[in-house]
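Given next are the chains, with one letter for each unit.
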Amino acid sequence: MKKILILGAGLWQTPFIQKAKSMGLFVYATDWDSNPEGKVFANVFEQIDVRDKNKSLDFAQKHKVDAVFTNSDVGVPTAAYIAEKLSLPFHTQELADIATNKYLMRNALKKIGLKTPYYKQCSSLREIEDAVSTTDKKLIIKPIDNCGSRGVFVLSNTDNLKQIADNAFSNSFSGKILIEELMLGTESSVEVIVNSGQPYILAWCKKQKSDYPYRYDIQLDYFPNRSEEENEQVSEMVSKLIDGLKIENGILHIEFIWTEEGVKIIEFALRGCGSNVTTHLLPKLRGFDVMAFLIGKSLGDSNPKIEFCNNDFGVLKFIVPQSGKIKSISGLEQIAKLDYIQDFRLDLTANSIVDTIKDGRSRPGHYILTAPTEKELLAEMQHVEKQLKIEYYA
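Residues numbered from 1 in each chain as written. Predicted model: local features only at pLDDT ≥ 70, side-chain atom pairs only at ≥ 80, totals over all residues. Heavy atoms only, no water.

When you look at the packing of aromatic side chains in this model, what are you seeing that I'm missing?
We describe a pair of aromatic rings using the distance from one ring centre to the other and the angle between the two ring planes. The tally for this structure, following the rule as stated, stands at 11 aromatic pairs. Geometrically, the ring pair formed by Tyr 103 and Tyr 119 is edge-to-face, given 6.1 Å between the ring centres and 65° between the ring planes. Of this pair, Tyr 103 sits in helix H5 (residues 102-111) while Tyr 119 sits in strand E5 (residues 119-122), placing them 16 residues apart in sequence. Both rings, one in Phe 288 and one in Phe 293, keep their centres 6.0 Å apart while their planes meet at 50°; by these two values the pair is tilted. Residue class for Phe 288 comes out buried when judged on its relative accessible area of 6%. Here Phe 293 falls in the buried class, since its relative accessible area comes to 6%. Every member of this aromatic cluster is reached through a ring pair, and the members are Phe 26, Tyr 28 and Phe 59. Looking at Lys 206, its charged tip hangs above the ring of Trp 258, at a distance of 5.7 Å from the centre. (Phe/Tyr/Trp six-rings, centres within 6.5 Å; stacked < 30°, edge-to-face > 60°. Helix = DSSP H or I, 4+ residues; strand = E, 2+ residues; numbered from the N terminus. Buried < 20%, exposed > 50% of the residue type's maximum accessible area, 1.4 Å probe, protein only. Lys NZ or Arg CZ within 6 Å of the ring centre and 35° of its normal.)

Okay, structure coming up:
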């Protein structure tokens, strides 16, 4: 029996653990948490911080694993480290570092000829003040090595700059942040699988974002009826990125923006989109088992079958309640039973207190819908929104 190590066993990693077991693999899993959601599904679980490269390598060597995999940003450098030491299929350590460090990423994108905004890496408040003073562009501040919009803030002025900087630094594992030009336009993201250097676009979406000063996603619309010109621009961007960085296999989540100067990459990741887009939405949209493909590639499958059967419409809608104390919630059971619901969760109950939502992690829930047509999808969304009722104490 082949053995696979999956780095990360939390909520979003659990479907990969389940899929690997269904494929007949013996699954080892690690996580910083002692009791993550995926623990009960793994054959063997050990509490190890996925950022700890040496402990993770020792664990992999001890159990003589045949493959290593992660769909977590923080696990990518460790997976690359293990793969290099044990001669297993995965991305190079250099590519893993580029994909998980926004400053290295900007440098790499600029080097291969992709459009980049003004940007500066900063390690102190003084450096931030200098970066702000040297340009009149509207700026955004973000940790160089975190995800989920944690610590991200749009600077409309220099008021409370120290407080904003402290928040960004506290969300940076390395203690460094990136100041960059705020690119204006419609934000999007695209999901791409790569097989032996050949990209296959699964789907791309246009996004609805939160109001400034925060920049988390509210809704992702996966509509296959985009214009030919838009599809060509997305395809060209994807090819330039994959060819330029010599990405051979796996999956990419690329966030980009439609600006007056053309398409620009915001950032990319060597993992699929979170919130169960990769595990629940994409397979339904395209009729393709994304998880099986990725696990197969981690085992060295050089000739996977890649066929897309569907081209449906889909949406990921985040539930963003107002601040306050919740009195009651109704409609949850009715929504969960709907045939067209691919995924639904809400981590709130009566008497929950909702604070201001500032990043992706603090969004309390979401739902995923699919339909053959745009009209049907919009009707489904209206039905769900009518069913879900949240009342607040005055």
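What's the story with the sheet that holds strand E15 (residues 324-330) in this structure? I'm lost.
By definition, the strands of a sheet pair up through backbone hydrogen bonds, in either a parallel or an antiparallel sense. The strand order E17-E15-E19 describes an open sheet built from three strands, whose pairing is antiparallel. Each of the sheet's edge strands pairs with one partner strand only, and the pair in question is strand E17 (353-354) and strand E19 (389-392). Pairing of E15 with E17 involves two bridges; the strand directions are antiparallel. Residue pairing in the sheet places Lys 325 in a bridge with Ile 353 of E17. (Pairing = 2+ DSSP bridges.)

What's the story with the packing of helix H6 (residues 125-133) against helix H7 (residues 161-170) in this structure? I'm lost.
How two helices sit against one another is set out by the angle between their axes and by the gap between those axes. The N-to-C vectors of H6 and H7 enclose an angle of 115°; their axes lie 10 Å apart at closest approach. Classified by chirality, the crossing of H7 by H6 is right-handed. Contact residues: H6 offers Leu 125, Ile 128 and Glu 129, while H7 offers Leu 161, Lys 162, Ala 165 and Phe 169. Across the contact of H6 with H7, the residue classes tally to five nonpolar, no polar and two charged. (Axes fitted to C-alpha atoms, helices over the stretch in contact; angles between N-to-C directions. Left-handed = near helix turned anticlockwise from the far one by under 90°. Contact = heavy atoms within 4.5 Å. Nonpolar A, V, L, I, M, F, W, Y, C, P; charged D, E, K, R; others polar.)

What is the right way to read the packing of helix H2 (residues 53-63) against helix H3 (residues 76-86) from this model?
Across the interface, H2 lies against H3 with an axial gap of 9 Å and an inter-helix angle of 45°. Accordingly, the angle class assigned to the pair H2 and H3 is oblique. Where H2 crosses over H3, the two elements pack in a sense that is right-handed. Between H2 and H3, the contacting residues are Lys 53, Asn 54, Ser 56, Leu 57, Ala 60 and Gln 61 on the first element and Pro 77, Thr 78, Tyr 81, Ile 82, Lys 85 and Leu 86 on the second. Across the contact of H2 with H3, the residue classes tally to six nonpolar, four polar and two charged. (Parallel < 35°, antiparallel > 145°, perpendicular 65-115°, else oblique.)

Help me understand the environment of Leu 109, please; the structure alone is not making it clear to me.
Tracing the backbone shows Leu 109 in helix H5. Exposure remark for Leu 109: the relative accessible area of 0% places this residue in the buried category. Along the chain, Leu 109 and Ile 265 lie 156 residues apart, while their C-alpha atoms are 8.4 Å from each other. Contact partners of Leu 109, with chain neighbours within four places excluded, come to Leu 114, Thr 116, Leu 241, Ile 265 and Phe 268.

Please clarify how the side chain of Asp 221 should be interpreted in this entry.
Residue placement: Asp 221 occurs in strand E11 (residues 217-222). Buried charge without a salt bridge: Asp 221, with Arg 226 as the nearest opposite-charge side chain at an N-O distance of 5.6 Å. In terms of polar contacts, Asp 221 uses its side chain to reach the side chain of Gln 219, at 2.8 Å. When sequence neighbours within four positions are dropped, the list of residues in contact with Asp 221 reads Trp 204, Cys 205, Lys 206, Gln 208, Arg 226, Gly 314 and Val 315. (Lys, Arg positive; Asp, Glu negative; His and termini not counted. Salt bridge = Lys/Arg side-chain N within 4 Å of Asp/Glu carboxyl O. Polar contact = N/O pair within 3.5 Å; in protein donor to acceptor, adjacent residues only side chain to side chain.)

Is there a simple way to explain the environment of Ser 298 in this structure?
With respect to the helices and strands, Ser 298 occurs in helix H10 (residues 290-298). By relative accessible area, Ser 298 is classed as buried at 5%. Considered as a pair, Ser 298 and Gln 219 are 79 residues apart in the sequence and their alpha carbons are 31 Å apart. Here Ile 295 takes part through its backbone oxygen, which lies 2.6 Å from a polar atom of the side chain of Ser 298.

Would you mind going over the side chain of Asp 343 with me for this structure?
Along the chain, Asp 343 falls in strand E16 (residues 341-346). Although Asp 343 is buried, it forms no salt bridge, and the closest oppositely charged side chain is Arg 345 at an N-O distance of 6.5 Å. Only 2.7 Å separates the side chain of Asp 343 from the side chain of His 366, close enough to count as a polar contact.

Explain helix H8 (residues 228-245) to me, please; I cannot follow it from the model alone.
Owing to its 3.6 residues per turn, the α-helix brings residues three or four apart onto one side. Here H8 is 18 residues long and its end C-alpha atoms lie 26 Å apart, about the 26 Å a rise of 1.5 Å per residue gives. Looking at H8, one finds that the buried residues are Glu 230, Val 234, Met 237, Val 238, Leu 241, Ile 242 and Leu 245. Taken down its axis, H8 places every buried residue within 120° of arc, on the same side. Facing away from the buried surface of H8 by more than 90 degrees, the exposed residues are Glu 228, Glu 229 and Asp 243. Against the buried residues of H8 lie helix H4 (93-99), H5, strand E9 (186-195), strand E10 (198-209), strand E12 (250-259) and strand E13 (262-269). With its phi angle positive at about 55°, Lys 246 sits one or two positions after the end of H8. (Expected span 1.5 Å × (residues − 1). Arc of directions from axis to C-beta.)

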